[in-house]
Amino acid sequence: MTSGMRGALPRGDLQRLLDALSAKGYRIVGPTVRDGAVVWETVRSVSDLPVGWRDHQEPGRYRLEQTGSQEVFGVVHGPQSLKQFVFAPREPLVQIERSKDGFSARPTLPQPEKVAVIGARACDLAGLATQDQIFLNGAYRDPYYAARREGLFLVAVNCTRALNTCFCASMETGPRAKHGFDLALTELEDQLLIEAGSEAGCDLLSNLCLSRGSEQLSAEVATRVDACAQSQVRRLDHSRLPQALYDAHEHPRWDEVASRCLACTNCTMVCPTCFCHTVEETPDLSYQHTTHARLWDSCFTQEHGYIHGKNIRPTIKDRYRMWLTHKLASWIDQFGASGCVGCGRCITWCPVGIDLTEELPALLSPGIQPSIVRQRVDGM
Amino acid sequence: MTNPYVIQPATIVEKIREAEHIHTYRLQLVDEEVRRTFRFKAGQFNMVYVFGVGEVAISIVSDPDEPEFLNHTIRAVGRITKAIAALQSGDVLGIRGPFGQGWPLDEARGRNVVIVTGGLGCAPVVGAIEYIFKRREQYGSIKILHGVKTPHDLLYRERFDQWRRAPDTEVLLASGQPDKTWSYHIGVVTELFEEVAIDPMKSIVLMCGPEIMMRLGVPILMRRGIPETAIYLSLERHMECGIGLCGHCQMGPYFLCKDGPVMRYDRVAQWLGQTGV
């Protein structure tokens, strides 16, 4: 039995979970406060976690607040999803050495490492599942991604508080982690309910020898998570996708959104599912040795649509349309599900607060009221 | 688990000048085992690598029946292709591949084959033509329509002459900016449609060239009664990985490196010519 196993951990005993993970040989990565945001870092003790902090997110705005409470997982998320742990921002692929008769190439697979990530949200797990499908289940299995994925132990945290930018409920990806985790925690006032979602999770949970959480506790968790879903103020109606967005290719709204978009690439960098990458070649000074590596790329760059002598997407309008149409429409044709998991990061980290949950309905509406356009542009 | 990113060294055994800035590189993979097992289909491509510079997607132009040699016709236009142009016979390039979907040569069996190409677009079809000529009795008539800007842009001149002499084969050439030596059609390749008899229900069309040529050419062919499911295009987008992961080569829902580069027209009709797609 790999699922259904659960236990109740007093909040003051959370260190026991970290110690149990360390004892299993995992490097533990959790949310930590740095430079006014929450980022993933190696953590050793509960005090490394953002105890008492909460995040407030709005279009183009991210703020942390110290509430003075004992809450450990009060911050929902920072700019980073789980993507960086598996699809590395820079991954050397091949090392190439010059030789007398040419060269020889050697793949540089990452060293296997056991990493336990504590604090992953349901939207992040959904993003990871999306990336798994791209890198592991397609025509070509990516060995670099696979090597990193192999050593990952995931401790999810169910959300009991929604941000202003969250819309996972409408994307059916959260706020409760349903699968893809080893352990899932829900933080209540003085205790954490822990559920196992895998063999490894069960194994770890049994080592903790916890009291089985009461039915009342489980009911309380369900109520809190449901209330979190209910409280979400944003939603994305994807029922008419992909076709409705394909049909909107010439909609005037693209011009309007392009007038605000800076093509800064932030939305693609924080997106848990964006997978575009480029390659770079870095020869050393002796020109005897070179590294062929891949790096995250973005469809908002000048180079993304370049083809000898021409750029397929020279304007910001072309690029925003490419991004949104891919994310919400063609992704469904390519991978059977939306490329959006409803985490809201692209809304928060957009410097001008472009909100896809506003753009999509505008693009799917038959016309556009000129007065609304003016108001929006003036309001910036 | 095979690693699709491993680059295989390949020696340039011959560098043949085709036109200004265009050469055909005849490559032989260095590793004997890799060379022995390398198989490709006409219309597929390789990622061609230059040490310290990078990779570029280039179609394989040689005969799939002779996989021990890999021919690539390359125009020096960008950072990597210019680095390739600086190499000579005996130098070593890298190869990853073959990638993508080739021409529908099984489906074309028993049918007349109409080949429409423009400029360097003739290169990805050469392997298919050679394949068909080796199995000539399995195919109907062959019509090769090829357009170039100037006569200097005409590659594989001897091959066109050779094909023209083959039975049940027509070769028609067009040049938009001809010189005094040009004895063929003056104009664009799509005008050559007027000069050939095409049995619309018995033909299959293979097209490769500038996208504008294909976009203008397909409707003319369809007006002649050729079904859109009998028209195949080899399409081009920026490609960095060759395996459908880097995201650059998307056209609507397709990754052209993996789902293409050869696509049946009805599958891409919606996207072809759309701004920014």
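Scoring rules and cut-offs
- Residues numbered from 1 in each chain as written.
- Chains lettered and ligands numbered in written order.
- Predicted model: local features only at pLDDT ≥ 70, side-chain atom pairs only at ≥ 80, totals over all residues.
- Helix = DSSP H or I, 4+ residues; strand = E, 2+ residues; numbered from the N terminus.
- Rg over C-alpha atoms; globule rule 2.2 N^0.38 Å.
- Buried ≥ 20, exposed ≤ 12 C-beta atoms within 10 Å, placed from the backbone.
- Contact = placed C-beta atoms within 7 Å.
- Core = buried A, V, L, I, M, F, W, Y, C linked by C-beta atoms within 7 Å.
- Arc of directions from axis to C-beta.
- Pairing = 2+ DSSP bridges.
- Axes fitted to C-alpha atoms, helices over the stretch in contact; angles between N-to-C directions.
- Domains from an automatic or database assignment.
- Nonpolar A, V, L, I, M, F, W, Y, C, P; charged D, E, K, R; others polar.
- Parallel < 35°, antiparallel > 145°, perpendicular 65-115°, else oblique.
- Left-handed = near helix turned anticlockwise from the far one by under 90°.
- pLDDT = per-residue confidence, 0-100.
- Right-handed = clockwise from strand over helix to strand, strands pointing away.

(A) A look at the overall build of chain A. Helix and strand counts for chain A come out as 14 helices and 15 strands. Computed over its C-alpha atoms, the radius of gyration of chain A comes to 22 Å, within 12% of the 21 Å expected for a compact globule of 380 residues. Counting over 380 residues, chain A shows a buried share of 44%. For chain A, the share of sequence-separated contacts (at least 6 apart) that also reach a separation of at least 24 residues comes to 71%.

(B) Here's a closer look at the overall build of chain B. In terms of regular secondary structure, chain B is built from six helices and 15 strands. For chain B, the C-alpha radius of gyration of 18 Å lies close to 19 Å, the compact-globule estimate for 277 residues. For chain B, the C-alpha atoms occupy an extent of roughly 50 × 45 × 40 Å along the three principal directions. A buried classification covers 49% of the 277 residues belonging to chain B. Long-range contacts, defined here as pairs at least 24 residues apart, represent 68% of the contacts in chain B between residues at least 6 apart.

(C) Spatial organisation of the nonpolar core. Ala 156 of chain A together with Val 205, Ile 231 and Leu 233 of chain B are the most contacted members of the largest nonpolar core, which totals 184 residues. If near-sequence neighbours (up to four positions away) are discounted, Val 205 of chain B is found in contact with Val 114, Val 116, Leu 221, Ile 226, Ala 230, Ile 231 and Tyr 232 of chain B.

(D) Region of the structure containing helix α1 (residues 14-23) of chain A. Residues and elements named next belong to chain A. Among the residues making up α1, those that are buried are Leu 14, Leu 17, Leu 18 and Leu 21. All buried residues of α1 lie within an arc of 95° about the axis, which places them on one face of the element. In α1, the exposed positions angled more than 90 degrees off the buried face are occupied by Gln 15 and Ala 23. Looking at the packing, one finds that the buried side of α1 touches β1 (6-10), β2 (27-34), β8 (115-120), β11 (191-196) and α6 (199-208).

(E) Geometry of the sheet that holds strand β10 (residues 185-186) of chain B. Residue and element names in this part refer to chain B. In spatial order, the strands read β10-β9-β8-β7-β11-β12-β15; together these seven strands make up an open sheet with mixed pairing. The sheet is open, and its two borders are formed by β10 and β15 (262-264), each paired with just one other strand. Pairing geometry for strand β8 (residues 142-148) and strand β9 (residues 169-175), over seven bridges, is parallel. Residue pairing in the sheet places Lys 143 in a bridge with Glu 170 of β9. Across the sheet, helix α4 (residues 157-164) touches β8 and β9, and the angle it forms with β9 is around 140°.

(F) Focus on the interface of chain A and chain B. With 42 residues of chain A at the contact, the number on the chain B side is 35 residues. Of all the elements in the fold, those that place two or more residues in the side of chain A that touches chain B are β6 (90-99), β7 (102-107), α3 (122-136), β12 (277-283), β14 (306-307) and α11 (316-335) of chain A. The biggest single contributor to the side of chain A that touches chain B is α11 of chain A, with seven residues.

(G) Main features of the domain arrangement of chain B. Residue and element names in this part refer to chain B. One can read the domain layout of chain B as domain 1 (8-99) and domain 2 (112-268). Relative placement of domain 1 and domain 2: their C-alpha centres are 22 Å apart. Taken together, the contact between domain 1 and domain 2 spans 21 residues of the former and 19 residues of the latter. Counting residues per element, the side of domain 1 that touches domain 2 draws most heavily on strand β6 (residues 92-99), which supplies three residues. Here the residues of the side of domain 1 that touches domain 2 sort into ten nonpolar, five polar and six charged.

(H) Quick look at the pairing of β6 of chain B. All names here are of chain B. When you tally the buried positions in β6, you get seven out of eight residues, the bulk of the element. Of the strand pairs in this sheet, strand β1 (residues 8-19) and β6 are connected by four bridges, and their pairing is antiparallel. Opposite Ala 10, over in β6, you have Leu 93 as the bridge partner. Bridging between strand β3 (residues 45-50) and β6 involves four bridges; their strand directions are antiparallel. Directly across from Tyr 49, in β6, lies its bridge partner Gly 94.

(I) Representation of the sheet that holds β3 of chain B. All names here are of chain B. Pairing is antiparallel across the open sheet formed by six strands, whose spatial order is β4-β3-β6-β1-β2-β5. Lying at the two open borders of the sheet, with one neighbouring strand each, are β4 (54-59) and β5 (70-75). Put simply, the sheet's adjacent strands are angled 40° from each other on average, direction ignored. Here strand β2 (residues 22-29) runs beside β5; their pairing, made up of six bridges, is antiparallel. Within the sheet, the bridge partner assigned to Ile 22 lies in β5 and is Arg 75.

(J) Focus on the packing of helix α9 (residues 253-260) of chain A against α11 of chain A. Residue and element names in this part refer to chain A. As a packed pair, α9 and α11 sit with axes 9 Å apart at the nearest point and diverge in direction by 105°. Between α9 and α11, the interaxial angle falls into the category roughly perpendicular. Packed against α9, whose contacting residues are Trp 254, Asp 255, Val 257 and Ala 258, the element α11 presents Ile 316, Lys 317, Tyr 320 and Arg 321 at the interface. Of the residues belonging to the contact of α9 with α11, the class tally is five nonpolar, no polar and three charged.

(K) Main features of the packing of α3 of chain A against helix α4 (residues 143-150) of chain A. All names here are of chain A. In contact at an axis separation of 9 Å, α3 and α4 are set at 140° when each is read in the N-to-C sense. In terms of orientation, α3 and α4 fall into the oblique class. At the point where α3 passes α4, the crossing takes the left-handed sense. Of the residues in α4, those touching α3 at Asp 132, Phe 135 and Leu 136 are Tyr 145, Ala 146 and Arg 149. Residues of the contact of α3 with α4, tallied by class, amount to four nonpolar, no polar and two charged.

(L) Local environment of the confidence of the model for chain A. On average, chain A scores 94 in pLDDT, and the residues at 70 or more come to 96%. Here residues 369-380 of chain A is modelled with pLDDT under 50, and outside its nearest four sequence neighbours on either side it reaches five contacts, counting other chains as well.

(M) Expanded view of the domain arrangement of chain A. All names here are of chain A. Partitioning chain A into structural domains gives domain 1 (6-230) and domain 2 (243-378). On a C-alpha basis, the centres of domain 1 and domain 2 stand 26 Å from each other. The interface of domain 1 with domain 2 comprises 38 residues on the first partner and 31 residues on the second. Elements that contribute at least two residues to the side of domain 1 that touches domain 2 include exactly β5 (61-66), β6, α3 and α5 (168-171). The biggest single contributor to the side of domain 1 that touches domain 2 is β6, with nine residues.

(N) Layout of the environment of Gln 270 of chain B. Relative to the helices and strands, Gln 270 of chain B is located in the segment after α6 (265-268). Distance in space between the C-alpha atoms of Gln 270 of chain B and Leu 93 of chain B is 38 Å, their sequence separation being 177 residues.

(O) Structural detail: the pairing of strand β12 (residues 231-234) of chain B. Residue and element names in this part refer to chain B. Burial of the side chains of β12 extends over both faces: Ile 231 and Leu 233 are buried on one face and Tyr 232 and Ser 234 on the other. Of the pairings in the sheet, the one linking strand β11 (residues 203-208) to β12 comprises four bridges and is parallel in character. Within β12, the position partnered with Met 207 by the bridge is Leu 233. Between the parallel elements β11 and β12, the chain passes through helix α5 (residues 211-223) in a crossover that is right-handed. Relative to β15, β12 runs antiparallel, the two sharing three bridges. Directly across from Leu 233, in β15, lies its bridge partner Met 263.

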